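Examining the three-dimensional arrangement
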Amino acid sequence: MSNQESNSKRIAKNTLLLYFRMILIMVVSLYTSRVILNELGVEDFGIYNLVAGVVVLFSFLSNAMVTATQRYLSVAIGKGDKKYIQSIFSTSLLSHLFLILLIIIVAETVGLWFVNAKLEIPVDRMYATNVIYQLAIATTCVNIIRIPYNASIIANERMSFFAYISIVETFLKLFIVWALVIVSGDKLIIYSLLLLFVTIAINIAYWFYSHKYLVANRFVLRSDKKLLAELTNFSGWNLFGGLADVGYKQGTNIILNLFFGVTVNAALGITNQIRNAVFSFVSNLQLAANPQIVKSYAAGEMDYFKTLVHRISKYSYFLMLILTFPVILNIDLVLKIWLKNPPEYTAIFAVLTLIFCLIDSLTGPLWVAMQAGGKIQLFQIVTSICLLLNLPTCFAFLSWGYGPYTVLIIQIVITCFTLGVRLVFAKYYLQISIRYYLREVLFPIIGVTVFAIPVPLYICTVSNGYTRLLFTILFMPVVCFIIYLCGTCQSEKVLVKHLFKTKILKRR
C-alpha cells in the first residue's frame, strides 16, 4: 500500500470517528439543554448564559492560537523533527500560560466591574452571579491550558482519542444534568462547579495521553524568543481574520435590527442554527484532512498537497449538497415540524443560508492551504476586507428599500468573489493552478448540481408535505450516483470500485 493510499484511508477513518462523535454530542446536547432549562429555571438559565459569556468573549484569541499551534506542529511532524516539535509544544504552552494571566487580569478588573455595575441582574442573585463568574473564569483558564494538547493530538491525527474523549466529556455533562435533578441547594452554583470539575478531569486525560503516547509533547522551560514571536505573529493575523468573519456576521445582524426589528433577528438566529448544524458535518471531513494538507506541504509533497486541496474542496461541496438538497426543497415542512410557527422570513433566510453554505464549503481547504504556506498577512488583510464589504453594501441596499433577505444574497455574492480572491492567493503563493482548480473542482460540482436539480424540482411540482419529503430523500442515492459519474475523475472512480469490491462484495 502506498503512503498516499494509507493517508487517504486514515482521513476516511478519522472522518467517520468524528461523525460518530458529532451525532452523539448533538443528540445529548438537545436533551441536556432542555433539562438544564427546566432545573435552573428561565431566570437562572439566563444569568448563567449571560455571565458565562466570558468564555465566548475570549474564544477568538483561543481559536487563533489553536490554529497557529496546530499549523506549526503539523509542519514539524511533517518534517519529522522531534526537537522542533518539543520546542513548538513548550513555546505554545508557555504562551498560553501568559494568555491565562492576561485573561485573569482583565476579567478580575474590567470584567468584574461590568458584571456588578452594568448587567441587569436581580439583587437576590448577585452573590450567585459573582460565584459563577469566578467559576467561569476558572473554567476558561483550564480550557486554554488544554489548547496545546488538543492541537497536538489533532496534528498527530489521533482522532480516535479526540472523538472518544469528547464522547466521555459529553456523558459527564449528561451526568451533571441528572445530578441537578436530585441535588438540593443553589443549583446554579452547583451546575457551574460541576462543569469546572468535568473540565479539569478532561484536561487530566489530555495530559496523561499526551505524555504517554506523544513523547515529543514534553514541556521544557526554555524560552525560544524567535519561535514565540512567530507563533504570536501568526496567531495575531488569524485573530484579525476571525474578528472580520464574526464582525460581518454580527454587524449584519445589527443592521437588520436597525431596519426591521427583533422579529427578523429571530429569523436570522434560527437560520444560523441551521447553518451551524449542516456545517458541522463538513467541518469533520475538513478537520480530519487538515493535518495531512499541512504535513504534505511541509514534506514537500506538492502533488499530493494540491490533490488533497482539490479533493477535499470537491467532497465538501458534495457532502453539503446531499445534506442541504432535501432541506431546501422541503424547507416549509422542516420548519413547521421543528418550530411549528417560525418567524416571518425564516424560510427564505434558511434557503439562502444553505446556498451560502454550499459555496462557503469550498473555502476551508484553500484557507488551510494558505495556513500551511505560512504567508498569511496579506491574505488575511485582503480576505477580511472582502468579508467586511458585507456591512456597507447591506446598509446601502436596505437604505434603498430592499427586503431583509437581500443581506443573504449579498453574502452569497461576496463569498463567491472572496473564493476567487483566495484562488488568486493560492496561485501566487502555493502554485495552485486556477485552470486546474476549475477543471478538477468547479466544473464537476457545477455539472453534478445541474444534473441533480431537474428531478427534485419536478417532484416539488407534483407532490407536497411528507410525500414530497419522502420522494426527495429517496432521490438522494441517485444524486450520489450522479456524483460518481460526473463529479469524480478516473482515479477516484477506480478507488471507489476497489472499495466496493473489497469492502462490500467481499462480505457477501
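It should be noted that the structure appears before, not after, this text.
Report follows, based on the coordinates. Residues take numbers from 1 onward in each chain, read along the sequence in its written order. For a predicted model such as this one, the threshold for reporting local features is a pLDDT of at least 70, and the threshold for listing and counting side-chain atom pairs is 80 or more; totals across whole chains, interfaces and linings nevertheless cover every residue. Excluded from the side-chain calculation are hydrogens and water; included are all heavy atoms of the structure.

**Points about the pattern of salt bridges**
Salt bridges are counted wherever a side-chain nitrogen of Lys or Arg sits within 4 Å of a carboxyl oxygen of Asp or Glu. Enumeration according to the criterion identifies three salt bridges in this entry. Its salt-bridge partner being R146, residue E169 comes within 3.7 Å of it at the nearest N-O pair. Here E169 is found in helix 6 (residues 159-182), whereas its partner R146 is found in helix 5 (residues 126-155), with 23 residues between them in sequence. For the residue pair E169 and R146, the accessibility class agrees, reading buried in each case. Across the salt bridge formed by R439 and E440, the nearest N and O atoms sit 3.4 Å from each other. Ionic contacts of the salt-bridge type, sharing partners, join the residues R146, E169 and K173 into one network. A helix here means a DSSP run of H or I that spans at least four residues, while a strand means a run of E at least two residues long, and both kinds are numbered starting from the N terminus. Three labels apply to residues, based on accessible area from a 1.4 Å probe with only protein chains included: buried if under 20% of the type maximum, exposed if over 50%, partly exposed otherwise in between.

**So, a nonpolar patch on the surface**
Think of a patch as exposed residues, more than 30% relative accessible area, with no salt bridge, where like charges cluster within 9 Å and nonpolar side chains (Val, Leu, Ile, Met, Phe, Trp, Tyr) cluster within 5 Å. Each accessible area is a Shrake-Rupley result for a 1.4 Å probe, and residues are judged covered by the shown protein chains and nothing else. Nonpolar side chains collect at one region of the surface, where F98, L101, L102, I105, V106, V110, W113 and F114 lie side by side and expose about 790 Å² of accessible area between them. Mapped onto the elements of the fold, I105 is located in helix 4 (residues 82-117).

**Here's the deal with unusual backbone geometry**
Backbone geometry at Y345 places phi at a positive 80°, although glycine is not the residue there. Of note, Y345 is situated in the loop between helix 11 (331-339) and helix 12 (346-360).

**Comments concerning the nonpolar core**
Residues belong to one nonpolar core when they are buried, are Ala, Val, Leu, Ile, Met, Phe, Trp, Tyr or Cys, and are joined through side-chain atoms within 4.5 Å. Grouped together as the largest cluster of nonpolar side chains are 52 residues, with contacts concentrated most on F305, L362 and Y437. With 11 residues, helix 10 (residues 302-329) is the single largest residue contributor to this core. Excluding residues that lie within four positions of it along the chain, L362 makes contacts with S313, Y317, L419, Y437, V441, L442 and I445. One finds M159, V198, I202 and L287 within the second-largest nonpolar core, a separate group that totals 19 residues. We call two residues in contact when some of their heavy atoms are within 4.5 Å.

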